[in-house]
Amino acid sequence: MEWTSWVAVIALILAAGAVILLFLLRKDLESLRFQVATLHTEPAESEENGSREPGPVVVIYNPSKSADFDEIKSILNETASDAGLAQPVWIPTTAEDSGYGQTKQAIGHNPSVVIAAGGDGTVRLVSGALAGTGIPMGLMPLGTGNLLARNLDLPMDSIRNLASIAVTGRSRRIDIGWMSAPQASVEARNELADLDGHATLFEGEVPFVVIAGMGFDAQVMDDADDNLKRVMGWSAYIVSGIRHLHGDRVNATISTGDGANSVEVEARSIMFANCGTLTAGIVLAPDARIDDGWLDIAVLDTKGGIVGWTDLVRRLGLQRFGVQDKVFPETAKIDFRRTRQAQVSARELELIQADGDALGYARDVRARIDKGALVVRVP
């Protein structure tokens, strides 16, 4: 490994460590600030399905997760019993279907709540299937990122508290995002043939509840090793990120709203945020709200090699505390636009991701927000 690569590794680890240290030092203060802000800026949670006869709790779970499912099942059984509900119905995901079909099956049980017990991928697909039904979704986060649960400020350190919220918590409406791409052209299929032999095209429409995007972020998600994630948790994404520091930029046109406004960009990543917090407490989009009906577009870029990447990590860390750096030279930037829908047309095929799931390659994608379409259980 060249000396510049070693410098890159050390710089990124130090930058990530600084962000984590700030996160730990400010955790209590930020929790209080979040609660106060919620009182002033978020709409009151509304109770859903008050007139509907409560059916069973249905749990869509990913059996591949390294979790103590015996304990989880025992606690959820007790929680349902305490609430006067029948014993939960358990439906496992499979390699062929990671949650969408199972949720459609769950709807047939007239459930009082459908609980997604798995990682961000399971949550994403359960959310998409429940969108527009009014049936509440509970969360039992068992993944690496658990981003929706973190953005909803759920108690990640207690299975019993999570179960109580999922079964008997308040119902709150939140937005859900949708990412779509048209059927690929012959030109795109020929271009794909020149890429990795395992590459696929992204076509159709998929949901996301946290963040979707194209470019560096999708490459990192796609390349993160599953075994490493089980051992290192979210830190495995740092290892993956280092491998893509010298990747090509995305050259694209972003059109917002009805398409009248457009801008040419050259960026490392173009990301669509329904809510703003990533792993390790890093805030990508500080003004994004999960129930405001807006889609926040973040365009991230760096220059100057490792200096720019280190600056980007530093700026993301500062955003968590509402700080904007205007002292140091700008070797990284994050530009924001807010809209309800956007179209991105890239010059070349780019890898696409939604809530951490790599979807395949596309040149033209559309992202839109569906206001208040999903009901979730919160404290």
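Residues numbered from 1 in each chain as written. Predicted model: local features only at pLDDT ≥ 70, side-chain atom pairs only at ≥ 80, totals over all residues. Heavy atoms only, no water.

## Focus on the overall build of the chain
Summing up its helical and strand segments, the chain has eleven helices and 14 strands in all. In the chain, which comprises 379 residues, the proportion classed as buried is 51%. Within the chain, counting contacts between residues at least 6 apart in sequence, those at least 24 apart form 73% of the total. (Helix = DSSP H or I, 4+ residues; strand = E, 2+ residues; numbered from the N terminus. Buried < 20%, exposed > 50% of the residue type's maximum accessible area, 1.4 Å probe, protein only. Contact = heavy atoms within 4.5 Å.)

## Structural notes on the environment of V220
Tracing the sequence through the fold places V220 in helix α8 (residues 216-223). Taking the C-alpha atoms as reference, V220 lies 9.0 Å from G356; in sequence the two are 136 residues apart.

## Comments concerning the confidence of the model for the chain
Of the residues in the chain, 74% have a pLDDT of 70 or more, and the chain-wide mean is 81. Low pLDDT, under 50, characterises residues 13-50; the predicted model gives this stretch 46 contacts beyond four residues in sequence or across chains. (pLDDT = per-residue confidence, 0-100.)

## Considerations on the environment of L195
Relative to the helices and strands, L195 is located in the loop between α7 (186-193) and β6 (204-208). The spatial distance from the C-alpha of L195 to the C-alpha of L349 is 9.6 Å, given a sequence separation of 154 residues. In this structure, L195 is in contact with L349 and Y361, ignoring residues within four places of it in sequence.

## Side note on the pattern of salt bridges
Evaluated as defined, the whole model comprises eight salt bridges. Of the charged contacts, one joins E78 and R160 as a salt bridge, the two residues approaching to 3.1 Å between their closest N and O atoms. Highlighted residues: E78 in helix α2 (residues 69-82) and R160 in helix α6 (residues 159-168), separated in sequence by 82 residues. Residue E78 is classed as partly exposed on the basis of its relative accessible area, which comes to 37%. A salt bridge links R249 to D301, with the nearest nitrogen and oxygen atoms 2.9 Å apart. Placement of the pair is R249 in the loop between α10 (236-242) and β8 (250-256) and D301 in strand β11 (residues 295-302), with a sequence separation of 52 residues. (Salt bridge = Lys/Arg side-chain N within 4 Å of Asp/Glu carboxyl O.)

## Some thoughts on the nonpolar core
Ranked by size, the top nonpolar core spans 62 residues in total, and within it L76, I115, M137, L139 and L148 carry the most contacts. Sequence-distant contacts of M137, that is, excluding residues within four places in its chain, are made with V113, V114, A116, V123, V126, S127, L130, L148, L374, V375, V376 and R377. (Core = buried A, V, L, I, M, F, W, Y, C linked by side-chain atoms within 4.5 Å.)

## A word on the side chain of T122
With respect to the element layout, T122 can be found in helix α4 (residues 120-130). Leaving out residues up to four positions away in the same chain, T122 has contacts with I60, N62, T93, S98 and A116.

## Concerning the packing of α2 against α6
Between α2 and α6, the shortest axis-to-axis distance is 9 Å and the interhelical angle comes to 45°. Taken together, the axes of α2 and α6 are oblique relative to one another. For the crossing formed where α2 meets α6, the hand is right-handed. Only I159, R160, A163, S164 and V167 of α6 make contact with α2, whose side of the interface consists of E71, I72, I75, L76, E78, T79 and A80. Classifying every residue of the contact of α2 with α6 gives seven nonpolar, two polar and three charged. (Axes fitted to C-alpha atoms, helices over the stretch in contact; angles between N-to-C directions. Parallel < 35°, antiparallel > 145°, perpendicular 65-115°, else oblique. Left-handed = near helix turned anticlockwise from the far one by under 90°. Nonpolar A, V, L, I, M, F, W, Y, C, P; charged D, E, K, R; others polar.)

## A short note on the packing of aromatic side chains
Ring pairs (aromatic) are described by centroid distance and by the angle formed between their planes. The full count for this structure, using the stated rule, is two aromatic pairs. Here the aromatic rings of Y61 and W90 are separated by 5.5 Å at their centres, their planes lie at 75°, and the arrangement is edge-to-face. In this pair, Y61 sits in strand β1 (residues 57-61) while W90 sits in strand β2 (residues 89-92), placing the two residues 29 residues apart along the sequence. Assigned by exposure class, Y61 and W90 land together as buried. Ring pairing ties together the aromatic residues Y61, F69 and W90, which thus form one cluster. (Phe/Tyr/Trp six-rings, centres within 6.5 Å; stacked < 30°, edge-to-face > 60°.)

## Some thoughts on the packing of helix α3 (residues 100-107) against α4
Where α3 contacts α4, the two axes come as close as 8 Å, and the packing angle between them is 45°. Classed by the angle they form, the pair α3 and α4 counts as oblique. Between α3 and α4 lies a crossing whose hand is right-handed. In this structure, α3 contributes Y100, T103, K104 and I107 to the contact, and α4 contributes L125, V126, G128, A129 and L130. Considered class by class, the residues forming the contact of α3 with α4 number six nonpolar, two polar and one charged.

## Overview of the side chain of R172
As for its placement among the helices and strands, R172 is situated in strand β5 (residues 170-181). Within polar-contact distance, the side chain of R172 engages the side chain of D291 at 2.9 Å. (Polar contact = N/O pair within 3.5 Å; in protein donor to acceptor, adjacent residues only side chain to side chain.)

## Some details on the pairing of strand β10 (residues 269-273)
Of all five residues in β10, five are buried; the element is thus mostly enclosed. The alternating pattern of β10 places S269, M271 and A273 on one face and I270 and F272 on the opposite face, and all of these are buried. Where strand β7 (residues 211-215) meets β10, five bridges bridge the pair, whose relative direction is antiparallel. Paired with M214 across the bridge in β10 is I270. (Pairing = 2+ DSSP bridges.)

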